[in-house]
Amino acid sequence: MKKKKFLFKSIFSQLTTHYSPILLTLIVVSVIVLRSGANKSIYTNLFSIQPAYAQRITPGDVWQQVYQQLPDFPPENKYISKENGKVAENNTLANRLIRYHIYTKGRAPIYRLDWKLTLADYLGANEIMYDTTYPGNDSLRENPIEGDRKAIKSLTRSQRDALVQVLVNIFNPTSQNTRSPNPNTPPNPTRSTTPQPPQRGGAELLK
């Protein structure tokens, strides 16, 4: 027992001379976790890289896909940049809408309901939109908030629904394979729900 303790102290002292305390801590934790078969899943969660995080879509690229799929969506990109005094063509309505949704409001980009709440903000039917925190206020000479709200209000309901669906499909491609049930489709029960009269002779069958 004493030999094992001495050996462990010797190894520990050698490690401390060659590795930083943080790296040493990681090594020790890894050894402990690896030796425990019951904690194998914990080791996987701590040290494995999840593919989903490596494949995240950046909001800056999404607005271009929006206009590819919805070419009639208002660009609203005629504002002048404060930095160079030129037209900021890439500062579009779709760009600002996405930035407002994700960064200003902190809403998830993969749910239809969250996007509908954001559109409701533009329509004045949900939360208040503030000029000072609206995207573009700090980079454009004119705050685009009023023009953007007018542009969203000019859309029809079907156009807004199409916009929501496109945004959800871009951020969550798997949602395209999942269709929500049609509320107008009548139910198709496997058996009748109408109460049936009791059959005669049931007592005789039990005898």
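Residues numbered from 1 in each chain as written. Predicted model: local features only at pLDDT ≥ 70, side-chain atom pairs only at ≥ 80, totals over all residues. Heavy atoms only, no water.

Caption draft 1: Representation of the confidence of the model for the protein within the structure. Confidence in the prediction of the protein, expressed as mean pLDDT, is 75, and 56% of residues score 70 or more. Every residue in residues 178–199 is under pLDDT 50, and counting partners more than four places away or in other chains gives 0 contacts. Taken as a whole, residues 201–207 scores under 50 in pLDDT and shows 0 contacts with residues more than four places along the chain or in a different chain. (pLDDT = per-residue confidence, 0-100. Contact = heavy atoms within 4.5 Å.)

Caption draft 2: View of the packing of aromatic side chains. Taken as a whole, this structure holds 6 aromatic pairs when the rule is applied. Both rings, one in tyrosine 67 and one in phenylalanine 73, keep their centres 5.7 Å apart while their planes meet at 50°; by these two values the pair is tilted. Members of the aromatic cluster, each reached through a chain of ring pairs, are Trp63, Tyr67 and Phe73. (Phe/Tyr/Trp six-rings, centres within 6.5 Å; stacked < 30°, edge-to-face > 60°.)

Caption draft 3: Just the nonpolar core, in detail. With 28 residues, the main nonpolar core has Val66, Phe73, Ile98, Trp115, Leu163 and Leu167 as its most contacted residues. Put simply, the parts of the chain that give this core at least two residues each are helix H5 (59–69), helix H6 (93–104), helix H7 (112–122), helix H8 (145–153) and helix H9 (157–171). Beyond its immediate stretch of four places on either side in the chain, phenylalanine 73 contacts Tyr67, Leu93, Ala94, Ile152, Leu155 and Leu163. (Core = buried A, V, L, I, M, F, W, Y, C linked by side-chain atoms within 4.5 Å. Buried < 20%, exposed > 50% of the residue type's maximum accessible area, 1.4 Å probe, protein only. Helix = DSSP H or I, 4+ residues; strand = E, 2+ residues; numbered from the N terminus.)

Caption draft 4: Molecular detail of the side chain of asparagine 169. You can see asparagine 169 is positioned in helix H9. Among the polar contacts listed, one links the side chain of asparagine 169 to the side chain of glutamine 165, at a separation of 2.9 Å. (Polar contact = N/O pair within 3.5 Å; in protein donor to acceptor, adjacent residues only side chain to side chain.)

Caption draft 5: Here's a closer look at H9. Over its 15 residues, H9 extends 22 Å from the first C-alpha to the last, a length consistent with the 21 Å expected when each residue adds 1.5 Å. Along H9, the residues classified as buried are Arg160, Leu163, Val164, Val166, Leu167, Val168, Asn169, Ile170 and Phe171. (Expected span 1.5 Å × (residues − 1).)

Caption draft 6: Seen up close, the side chain of asparagine 91. Take asparagine 91: it is sitting in the loop between H5 and H6. The exposure class of asparagine 91 is buried, given its relative accessible area of 11%. In contact with asparagine 91, other than residues within four places in its own chain, are Glu76, Asn77, Arg96, Arg99, Gly136, Ser139 and Leu140.

Caption draft 7: Broad picture of unusual backbone geometry. Residue glutamate 76 is not a glycine yet carries a positive backbone phi of 50°. Within the fold, glutamate 76 resides in the loop between H5 and H6. Classification of glutamate 76 by relative accessible area gives partly exposed; the value is 27%.

Caption draft 8: Representation of H6. Burial of H6 is extensive: 9 of the 12 residues sit out of reach of the surface. Taken as a whole, H6 has its buried residues at Leu93, Ala94, Asn95, Arg96, Leu97, Ile98, Tyr100, His101 and Ile102. A positive backbone phi angle near 65° is found at glycine 106, which sits one or two residues after H6.

Caption draft 9: Main features of the packing of H6 against H7. Contact geometry of H6 with H7 gives a least axis separation of 10 Å together with a crossing angle of 110°. Classified by the angle between their axes, H6 and H7 sit roughly perpendicular to one another. Between H6 and H7 lies a crossing whose hand is right-handed. Touching Arg96, Leu97, Ile98, Tyr100 and His101 of H6 are Asp114, Trp115, Thr118, Leu119, Asp121 and Tyr122, all from H7. The residue makeup of the contact of H6 with H7, split by class, is 6 nonpolar, 2 polar and 3 charged. (Axes fitted to C-alpha atoms, helices over the stretch in contact; angles between N-to-C directions. Parallel < 35°, antiparallel > 145°, perpendicular 65-115°, else oblique. Left-handed = near helix turned anticlockwise from the far one by under 90°. Nonpolar A, V, L, I, M, F, W, Y, C, P; charged D, E, K, R; others polar.)

Caption draft 10: Looking closely at the environment of tyrosine 103. Tracing the backbone shows tyrosine 103 in helix H6. Expressed as a C-alpha distance, the spacing of tyrosine 103 and threonine 133, which sit 30 residues apart in the sequence, is 9.9 Å.

Caption draft 11: Spatial organisation of the packing of H7 against H9. As a packed pair, H7 and H9 sit with axes 9 Å apart at the nearest point and diverge in direction by 135°. By the angle between their axes, H7 is oblique relative to H9. Considering only the axes of H7 and H9, their crossing is right-handed. Packed against H7, whose contacting residues are Arg112, Trp115, Lys116 and Leu119, the element H9 presents Arg160, Asp161, Leu163, Val164, Gln165, Leu167, Val168 and Phe171 at the interface. Among the residues forming the contact of H7 with H9, the class breakdown is 7 nonpolar, 1 polar and 4 charged.

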